[in-house]
Amino acid sequence: MTSATESTATVAQLEEEGDIAADYLEALLDIADIDGDLALDVRAGRAYVTVENDDEASLRLLSSPDTVQALQELVRIAVQAKTGRFSRLILDIGGSRDARQQQLEKLVDRAIARIEDGASQASLPAMSSYERKLVHDVVAERGFVSESYGEGADRHTVIRRG
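Reference entry: report on the structure contained in this document. If you're wondering where the values come from, they're calculated on a predicted model, not measured in any experiment.

Conventions adopted
Residues numbered from 1 in each chain as written. Predicted model: local features only at pLDDT ≥ 70, side-chain atom pairs only at ≥ 80, totals over all residues. Heavy atoms only, no water. Helix = DSSP H or I, 4+ residues; strand = E, 2+ residues; numbered from the N terminus. Axes fitted to C-alpha atoms, helices over the stretch in contact; angles between N-to-C directions. Parallel < 35°, antiparallel > 145°, perpendicular 65-115°, else oblique. Left-handed = near helix turned anticlockwise from the far one by under 90°. Contact = heavy atoms within 4.5 Å. Nonpolar A, V, L, I, M, F, W, Y, C, P; charged D, E, K, R; others polar. Pairing = 2+ DSSP bridges. Buried < 20%, exposed > 50% of the residue type's maximum accessible area, 1.4 Å probe, protein only.

**Regarding unusual backbone geometry**
A positive phi angle, close to 55°, is found at D33, a residue other than glycine. Along the chain, D33 falls in the loop between α2 (11-32) and β1 (37-43). Its identity as a non-glycine residue notwithstanding, A44 has a phi of 50°, on the positive side. Within the element layout of this structure, A44 appears in the loop between β1 and β2 (46-52).

Dropping the structure here:
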């Protein structure tokens, strides 16, 4: 659960989060001897940090969904340690967010197919709040409704007809 101060971070605070995250990631990339260009953005009340490289192979080890999720948590901790504020920063490495978006769309489509085949609802696996938000958006686009259930790491989405 977020407090009012967490949900109302200013653009300047979010830009600061992005700068801190970029410094942390640059150091990490240097240690790992991996080339990457960093891009910072602020969207929808979150700092976004993207690591890119024209050579896809150079970021392949870092761009798997589990690795990106783990690195994102480390970056958030580094930001929180410097600012004293909880961070909702989003990290994208080598297009990992687009790839995950496509995976989530396929997951939603399979769940909707089960509902269209007669199921009253379809539950998806537990996922992060950011991924659940993406799922809710896709579900709404498909004309269905969704709700999140559970607590912490077990929080998951259930899809039903509208």
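**A few points about the packing of α2 against helix α4 (residues 65-83)**
It is the contact of α2 with α4, at a shortest axis distance of 9 Å, that shows an interaxial angle of 125°. Here α2 lies oblique to α4, going by the angle between them. The element α2 and its partner α4 pack so that their crossing is right-handed. Each of E16, E17, I20, A21, Y24, L25 and L28 in α2 lies in contact with α4, whose residues at this interface are L71, L74, V75, A78, V79, K82 and T83. Looking at side-chain class alone, the contact of α2 with α4 contains ten nonpolar, one polar and three charged residues.

**Thoughts on the sheet that holds strand β5 (residues 144-149)**
Pairing is antiparallel across the open sheet formed by three strands, whose spatial order is β4-β6-β5. Every other strand in the sheet has two partners, leaving β4 (121-123) and β5 as the edge strands with one partner each. Taking the axes of each pair of neighbouring strands and ignoring which way they run, one obtains an average angle of 20° across the sheet. Pairing of β5 with strand β6 (residues 156-161) involves six bridges; the strand directions are antiparallel.

**So, the sheet that holds β1**
Pairing in this open sheet of three strands is mixed, and the strands run β1-β2-β3 from one edge to the other. On the outer flanks of this sheet lie β1 and β3 (90-93), each paired with one strand and no other. Going across the sheet, the axis of each strand differs from the next one's by a mean of 20°, ignoring polarity. Note: β2 against β3, four bridges, orientation parallel.

**Details of the environment of D37**
Looking at where D37 falls in the secondary structure, it is placed in strand β1. On the accessibility criterion, D37 (55% relative accessible area) is exposed. Distance from D37 to E26, taken between C-alpha atoms, is 8.9 Å for residues eleven residues apart in sequence. The contacts of D37, once residues within four sequence positions are left out, are T50, V51 and E52.

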